[in-house]
Every structure is written in structure tokens, then in C-alpha cells.
Amino acid sequence: MKLKITSFAVFTSLTLLLAGIVHAAPMGAVNEPIKLAINEWTGQHISTHVVGQILERAGYKVEYVTAGYYPQMTAIRDNTVSATLEIWSSNIGEHYTKAVDSGQVEELGDLGLIPVETWMYNDAAAAACPGLPDWKALNGCVDAFAKADTFPKGRLLDYPADWGTSNVDRIKGLKMDFVSVPAGSEGALVAEIKGAEARKEPLLVMFWAPHWAHAVANLTNVALPPYQAGCHDDASVGVNPNATWDCDWERGYIKKMAWIGLKDKWPAAHAILSAYKLRNEDQIPMMNAIDQEGRKIKDVVREWVNANEAIWKPWVNAAKN
């Protein structure tokens, strides 16, 4: 009888131990924070904080790490950054390729947003340059876009310099009488869009969707020469046989990426991040609430997470069970 009790006790203890291991293993190192990269624009902050709050509700600790868009491709290789949630294929270039080739990072699939990046113009520009959206019309309307610091050439209000400078080459390749003038930040870029709209002033701008600014300014895509594979690095491809970048931006997709060790260190988090999707119609109202209404990102994101359990709870349940 004593032997049976002992055997039963051993069996029960072993069963409970194994059950604990089975339960704990999918979560991994719950006492160590998962470090999510924060880049330079509001939409990326939203994409990151949404999944950050989901991870916290799943039982993880999360740390938000300010990381430059390009420098994060190095930081993610050694878990200085554990994951980054909004990498636009159209503007990350060789930095992404180098990170993947290092063998220290892993793609986690598409985020789900539908991206567009290109030159855009407002309604005042359309009135001043009736040949638009054809890109060739712009050289006939240079005066409408010229500024004191670009005269006699027109101005293309460009992305901040640390987001990439391909438009310098694009303007040269397309033989445009324009100058790329980088904005200081996303905020400065948007402020110029709003200012031009208020003054009914023609504006040519490098911009993207999704973004809340499309709610306050009617921005139309310039019909640049269509992207062709190779036109960014092969002069023989594109409309100018002597130049590269003589085409539109490639219509890409928005990726998620993680440190290669994430799946072993935080297995359930890896599954959640892989499953995570965010739609344009989810992100844009949150961007508007933050950038236009001045609300705090944590509050705005919390409201979305609270209201959309039916979307994200299955990701968590599948990851933990």
C-alpha cells in the first residue's frame, strides 16, 4: 500500500511537472521584455503599440525601443530589437536584404496594410498644371511649384533624408526640372501638406497611404513611368537608357520581421506576431485621433484592442494552446 501511494505520488508529481512544462514552454521567457522597434512615423507607432498591448494581455512584458528605420536592421540581429512591425518593401532597399542575408533575422509575413508610395499632388496643383497626372506635364508647370530656395526649378517636397534619397536619382533619371527638398520629419511633411491646402497653394509631395492626411487634403498620385524590375539599378531598364531610378516606386507590401531567436525565447509571442494583421481601415482612424485630435496613443490603441477582441483573441488562443 505504501509503495502504491508512493508510486501514485511520484506519478502525480511528474504529471503536474510535465503539465507545467507543456503550459510554460509556449510562453517562454515571460520575465524578459520583448523589445519592439519604434520608428519615425505615427502609423508605425500604432502598428507596434497594437500588437504590444496584445502581447501584454497574453502575459508578456513589452519594451518599446526607439530605433531608426535603417539602423534597426542592424539592431534586430542581436535582439537589441526583438521585432519590427512595419517595414515597407518599397523603401527599405538593401538594408532589408543585408539583414535577411545575415541569418540572424526572420520574416514574419505581411502586416496586412495596403501600401502606396509615390509622388502626389493636391487640387491646387491640378488646377495650376492641367496636364497632370501625367508626369511629363510637370516640366511645363515648374513655375507653379518653384520656391525661393529652388528657383528656377520646381520643388518636390520629399521624405526626411534618413528615410532614403532615391528621389534625387529619380528626378535626374526622368530629367525633371525639380529639386528634392527633404522635410525634417513626418510632422513637418504633414504640416506642409496642411499649409498648402489652407493656402490653396500647388504642392508636389512624396507621400504615402495609408495616412490620415488624406482626410484633410485630396492627394492624387502622379502617373510616373510604371515600375519595371531592374529600373532602380539597371540603366537599360526604364524610359531613360542612361539612368537608373527612371520609374515609379514599386508597389510593394508591408512586412514584419523578428530576431531569429524570438521563436525559441518567446514561442507564443512568435506565433502571435506571425498571425498579427492590421488593415488600413483600422489604422487610419487611430492616426487621425492621435495626430489631429491630440489623443494619447496608448488610450487610442487600448480602445481599439478592447473593441476588437474578436479579431485578436483567436491569435492569442491559437498561440497558447
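Analysis parameters
- Residues numbered from 1 in each chain as written.
- Predicted model: local features only at pLDDT ≥ 70, side-chain atom pairs only at ≥ 80, totals over all residues.
- Heavy atoms only, no water.
- Helix = DSSP H or I, 4+ residues; strand = E, 2+ residues; numbered from the N terminus.
- Expected span 1.5 Å × (residues − 1).
- Buried < 20%, exposed > 50% of the residue type's maximum accessible area, 1.4 Å probe, protein only.
- Arc of directions from axis to C-beta.
- Core = buried A, V, L, I, M, F, W, Y, C linked by side-chain atoms within 4.5 Å.
- Contact = heavy atoms within 4.5 Å.
- Salt bridge = Lys/Arg side-chain N within 4 Å of Asp/Glu carboxyl O.
- Disulfide = S-S within 2.5 Å.

It is worth spelling out helix H14 (residues 309-320) at this point. In this model H14 runs 16 Å from its N-terminal to its C-terminal C-alpha over 12 residues, within 8% of the 16 Å that 1.5 Å per residue would give. Those residues of H14 lying buried are Trp 312, Trp 315, Val 316 and Ala 319. What you see down the axis of H14 is that its buried residues fit within an arc of 90°, all on one side. Exposed positions of H14 whose direction lies more than 90 degrees from the buried face are Ala 310 and Ala 318.

Grouped together as the largest cluster of nonpolar side chains are 94 residues, with contacts concentrated most on Val 50, Leu 55, Tyr 60, Trp 119, Leu 138 and Phe 207. If one sorts the elements of this core by residue count, helix H2 (residues 42-58) sits on top with 6 residues. Ignoring sequence-local partners within four residues, the contact set of Val 50 consists of Tyr 276, Met 286, Val 301, Trp 304 and Val 305.

Looking now at the pattern of salt bridges. Within the structure shown, the criterion is met by 14 salt bridges. In this structure, the salt-bridge partner of Lys 265 is Glu 32, at a minimum N-O distance of 2.9 Å. On the criterion of sequence distance, the pair formed by Lys 265 in helix H10 (residues 262-265) and Glu 32 in the loop between helix H1 (2-24) and strand E1 (34-38) is long-range, its members being 233 residues apart. Taking relative accessible area as the criterion, Lys 265 reaches 23% and is therefore assigned partly exposed. One salt bridge connects Glu 281 with Arg 279, and the closest N-O pair in it is separated by 3.8 Å. When its relative accessible area of 40% is taken as the criterion, Arg 279 is described as partly exposed. Linked by salt bridges that have partners in common, Lys 147, Arg 199 and Glu 201 make up one network.

One pass over the full model with this rule turns up 2 disulfides. Two residues share a disulfide in this structure: Cys 129 and Cys 141, whose sulfurs sit 2.2 Å from each other. Looking down the S-S bond of the Cys 129 and Cys 141 bridge, the torsion is 80°, so its handedness is right-handed. With a gap of 12 residues between them, Cys 129 in the loop between helix H6 (123-128) and helix H7 (142-145) and Cys 141 in the loop between H6 and H7 connect regions that are remote in the sequence. Each disulfide pairs two cysteine sulfurs, and for Cys 231 the partner residue is Cys 247, the sulfurs being separated by 1.8 Å. A torsion of 40° about the S-S bond marks the disulfide between Cys 231 and Cys 247 as right-handed. Residue Cys 231 is found in the loop between strand E9 (220-221) and strand E10 (254-259), and its partner Cys 247 is found in the loop between E9 and E10; the two are separated by 16 residues along the sequence.

With a relative accessible area of 0%, Cys 129 lands in the buried category. Note: C-alpha distance between Cys 129 and Val 301 (172 residues apart in sequence) is 41 Å. In contact with Cys 129, other than residues within four places in its own chain, are Ala 137, Leu 138, Cys 141 and Phe 145.

Interpretation in functional terms is not warranted from these geometric data alone.
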